[in-house]
Amino acid sequence: MPSLRRNKTQAAAFGVAPVKAATAAVRGQHFLGYTTSTFRTRALQVPAFARSRDLIVSLISSLPINQYSLQWIGESYEEIQIPSEPWMAKPDPYSTRQFTIAGTVDDLLFHGRAFWLITRRYSATNLPAAFQWLPADEITTPDQTGPRWYGPSKDIEFQGVKLNPADVIQFLSPFDGLQFTARTAIDISERLDQAARRFATNEIAAGYIKIDPQTEPYEEDELKELAEVWAQLRRDNAIGALQGASWVEFSSDPSKLQLVEARQHAMLTIANMVGVPPYLIGAPTGSSMTYQNAELARRDLWTLGAAPIAHAISETLSQDHVLPRGRFCRLDFTDLVEQTEAPNL
């Protein structure tokens, strides 16, 4: 059966019905043209931003999807873990679960929303049986242009091909996408890195050649040649001798020239915007980290940055048009960190 990636899929033996979807934007098993936003490319060139993104994406994409039901025990409901749906181990039959979840988390971080196409349904219940992650960079929604999303879109296009909203699972982040909120932080980080790079290309120590006043004046070409020869000798780590001139070193602080404090502050800003503990990306925190609180680093990452995104995914996949009524699923954090209890949805 056609989907946006593959030419056809076959119904599974346990009763899965194919879903009709647009095919004009694909050939074989690949997208016709996959593009990445300019901002995302720029942002991932900033080490602090790339590290922050990787921490959250790797944590959430490593979590298993478990299914639960609620049972009334007289005074309250008790969560009962039940066997998971087949798609929970592998939402896309043609990709790993980690790849699908990682792409979803990345889109939620950068765009504030993500999309899965339903590629197959169970024939008995018409509920989804398989999905395909659609890169948000390729999605347009004429009824919602952003940067703030006010609910699931009713007009969805993928690479210019209209999709049936009923066949698309739409994930909405509780936060606005970083491509709308972090542009200033990325601009500042880029400029600080460029300034540090310019300093790194200069010979150490920086200075200038001072001509002895009692020396016969140099012509312009002679001064230029003297400066070039001196600079080349320094680059070659050779010993140079000056006659009628002297080398004067700039009285500058290298840490200021490399903008160390400003770059550390930029790292702290990025950590706060992405939602990761600053110490995990090497940003200054004002306090030292001990072995005791290092053990809680993963829990801090979960609480401060990953949990809101993971909850958005879990709650979306727990809706009645995805799972039978009375059931819900969760990206389960319980088994990942010992002696910590995962927050409930």
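Presented here is an overview of the structure given in this document. Here the residue numbering is sequential within each chain, running from 1 through the sequence in written order. Where totals are concerned, whole chains, interfaces and linings use all residues; where local detail is concerned, this predicted model gives features only for residues with pLDDT of at least 70, and gives and counts side-chain atom pairs only at 80 or more. Only heavy atoms go into the side-chain values, all of them from the structure, while hydrogens and water stay out.

1. Some points on the overall build of the protein
Okay, so step 1: From N to C terminus, the protein includes 11 helices and 14 strands.
Okay, so step 2: The 345 residues of the protein split such that 41% are buried.
Okay, so step 3: Considering only contacts within the protein whose residues lie at least 6 apart along the sequence, 65% involve residues at least 24 apart.
Okay, so step 4: About 19300 Å² of surface is accessible on the protein, with carbon and sulfur atoms providing 51% of the total. Secondary structure is summarised from DSSP: a helix means a run of H or I of at least four residues, a strand means a run of E of at least two, and numbering begins at the N terminus for each. Whether a residue is buried, partly exposed or exposed follows from its accessible area with a 1.4 Å probe, protein chains only, as a fraction of its type maximum: under 20%, in between, or over 50%, in that order. Contacts between residues were defined by any pair of non-hydrogen atoms, one from each residue, lying within 4.5 Å. Accessible surface is estimated by sampling points in the Shrake-Rupley manner with a 1.4 Å probe; for residues, cover comes only from the protein chains shown.

2. Topic: a nonpolar patch on the surface
Okay, so step 1: Judged by side-chain polarity, L70, W72 and Y77 come together as a nonpolar surface patch covering roughly 370 Å² of accessible area.
Okay, so step 2: On the secondary structure map, L70 appears in strand β4 (residues 65-72). Residues qualify for a patch when their relative accessible area is over 30% and they have no salt bridge, like charges being joined within 9 Å and the nonpolar side chains of Val, Leu, Ile, Met, Phe, Trp and Tyr within 5 Å. Just to be clear on terms, a salt bridge is a Lys or Arg side-chain nitrogen sitting within 4 Å of an Asp or Glu carboxyl oxygen.

3. Let's talk about the packing of aromatic side chains
Okay, so step 1: The pairing test for Phe, Tyr and Trp rings, Trp by its six-membered ring, is centres within 6.5 Å, and the orientation test on the planes gives stacked under 30 degrees, edge-to-face over 60, and tilted for anything in between. Counted according to the given criterion, the structure contains 11 aromatic pairs.
Okay, so step 2: Seen in terms of ring centroids, W72 and Y77 are 5.0 Å apart; in terms of plane orientation they differ by 70°. Their pairing is edge-to-face.
Okay, so step 3: According to the relative accessible area criterion, W72 is partly exposed, its value standing at 48%.
Okay, so step 4: Look at Y77 and you get exposed, because its relative accessible area is 55%.
Okay, so step 5: For the pair W302 and F333, a centre-to-centre distance of 4.2 Å together with 10° between the ring planes defines the contact as stacked. Here F333 lies in the segment after β14 (327-331) and W302 lies in helix α11 (residues 297-317), a separation of 31 residues in the sequence.
Okay, so step 6: W302 sits in the buried class, given a relative accessible area of 1%.
Okay, so step 7: Residue class for F333 comes out buried when judged on its relative accessible area of 1%.

4. Here we look at the sheet that holds strand β9 (residues 156-158)
Okay, so step 1: One open sheet holds the 3 strands; their spatial order is β8-β9-β10, and the pairing between them is antiparallel. Edge positions in the sheet fall to β8 (139-140) and β10 (161-163), since each of these pairs with one other strand and no more.
Okay, so step 2: Both β8 and β9 contribute to a ladder of 2 bridges, which runs antiparallel. Following the sheet pairing, I139 is matched in β9 by F158. Note on pairing: DSSP must find at least two bridges between two strands before they are called paired.

5. Here we look at the environment of L44
Okay, so step 1: Among the secondary structure elements, L44 is positioned in the loop between α1 (38-43) and α2 (47-61).
Okay, so step 2: Through-space distance from the C-alpha of L44 to that of I186 is 9.5 Å; in sequence the pair is 142 residues apart.
Okay, so step 3: With residues up to four places along the chain from it excluded, the contact list for L44 reads F49, A50, R53 and F110.

6. Topic: the packing of α2 against helix α9 (residues 260-274)
Okay, so step 1: Close contact between α2 and α9 brings their axes to 9 Å; oriented N to C, the two are set at 30°. One element, α2, and the other, α9, form an angle in the roughly parallel class. Helix-helix and strand crossings are classified by hand; for α2 and α9 the assignment is right-handed. Touching A48, F49, S52, R53 and I56 of α2 are M267, I270, A271 and V274, all from α9. Lines are fitted to the C-alpha atoms to define the axes, a helix being fitted only along its stretch in contact, and any angle between axes, read from their N-to-C directions, falls within 0 to 180 degrees. Our angle categories are set so that under 35 degrees counts as roughly parallel, over 145 as roughly antiparallel, 65 to 115 as roughly perpendicular, and the remainder as oblique. Should the near helix be turned anticlockwise from the far one by less than a right angle, the crossing is termed left-handed; should it be turned clockwise, right-handed.

7. Focus: unusual backbone geometry
Okay, so step 1: With an omega of 10°, the peptide bond running from G146 to P147 counts as cis.
Okay, so step 2: Inspection of the secondary structure puts P147 in the loop between β8 and β9.
Okay, so step 3: The phi torsion at N126 lies on the positive side, around 65°, for a residue other than glycine.
Okay, so step 4: Its place among the elements puts N126 in the loop between β6 (113-122) and β7 (128-134).

8. Some details on the packing of α2 against α11
Okay, so step 1: Following both chains from N to C, one finds α2 and α11 inclined at 65°, their axes separated by 9 Å at the closest point. Taken together, the axis directions place α2 and α11 in an arrangement best described as roughly perpendicular. Of the two possible hands of crossing, α2 and α11 adopt the one that is right-handed. Across the interface between the two elements, L55, I56, L59 and I60 from α2 touch R298, L301, W302, G305, A306, I309, A310 and I313 from α11.
Okay, so step 2: Taken together, the residues that form the contact of α2 with α11 break down as 10 nonpolar, 1 polar and 1 charged. Residue polarity follows a fixed list, in which Ala, Val, Leu, Ile, Met, Phe, Trp, Tyr, Cys and Pro are nonpolar, Asp, Glu, Lys and Arg are charged, and the others, Gly among them, are polar.

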